[in-house]
Structure formats: structure tokens, C-alpha cells
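# Chain and residue survey
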Amino acid sequence: MDNIIDRINAVFAPPPTDDVSEDPVYEAKVLGKSIFLTEETWRSWTGRRWVNGAEYHGPVFLMGTKTLYTGARACDCKVCQADVAPRHRKN
Ligand SMILES: [Zn+2]
């Protein structure tokens with residue numbers, strides 16, 4: 001990547017518009033504000049995340065790989081915590 005703009009574009013997606021699109025909207029919240037992510041960033045996001053407005057619970061992968069992430073996760077539901085290594089689980 002050449003410059004900071006390219007790097008930002010690789011992490012953040014443009015905000016969705018009202019136009020009907022078949023592309024999924026990948027969202028996370030930082031300090032209560034929505035941010036929109038590319039699919040690659042979203043699948044590695046360890047905080048709570050949404051796709052097309054619905055909260056998603058499932059595996060997180062190391063950036064750009066198919067390797068399962070087993071570190072700490074923000075969501076404490078059973079599905080999200082199932083992949084977390086025992087030493088990183090919430091009590
Ligand atoms: Zn969850």
C-alpha cells in the first residue's frame with residue numbers, strides 16, 4: 001500500500017446509502033458510534049459486530065487468513081466464547 005488513504009480504504013468501507021445494494025453492510029461500533037468496515041477487517045473484528053443491521057455472533061479470523069482467532073472477545077455469548085482459549089475466557 002502506497003499511502004495513508006489506501007490504508008484507510010483497506011480497513012473502512014464507505015457509509016451505506018439508501019440505494020438498494022446486494023453488497024452486505026459490515027458494521028461495528030466504537031465508543032457508541034457506527035463504523036463501516038470492509039469484509040476483511042470485519043471478519044477479524046473482536047468487538048461486537050453487525051451485518052446488514054443484525055448483530056452477528058460467530059468466529060473471528062486472523063487478518064487475511066483462515067486461522068481462527070482464540071483471544072479475548074467483547075461479546076460474552078456462548079457462540080462467540082466457544083472459540084476463545086480457556087485462559088482468555090470471561091469469568
Ligand atoms: Zn456473541
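Further up the page is the structure itself.
Residues numbered from 1 in each chain as written. Predicted model: local features only at pLDDT ≥ 70, side-chain atom pairs only at ≥ 80, totals over all residues.

Let us look at the overall build of the protein. Broken down by element type, the protein carries three helices and four strands. Secondary structure elements of the protein, listed N to C terminal, follow the sequence α-β-β-α-β-β-α. Its C-alpha atoms give the protein principal-axis dimensions of about 40 × 30 × 25 Å. Relative to its 91 residues, the protein shows a buried fraction of 8%. (Helix = DSSP H or I, 4+ residues; strand = E, 2+ residues; numbered from the N terminus. Buried ≥ 20, exposed ≤ 12 C-beta atoms within 10 Å, placed from the backbone.)

Bringing the sheet that holds strand S1 (residues 26-30) into the picture now. If you trace the four strands from one edge of the open sheet to the other, you get S2-S1-S3-S4, paired in antiparallel fashion. The open sheet has two free edges, formed respectively by strand S2 (33-37) and strand S4 (54-56), since each of these has just one partner strand. Averaged over all pairs of adjacent strands, the angle between strand axes in this sheet comes to 40°, irrespective of strand direction. The pairing of strand S3 (residues 49-51) with S4 spans three bridges and is classified as antiparallel. Directly across from Arg 49, in S4, lies its bridge partner Tyr 56. (Pairing = 2+ DSSP bridges. Axes fitted to C-alpha atoms, helices over the stretch in contact; angles between N-to-C directions.)

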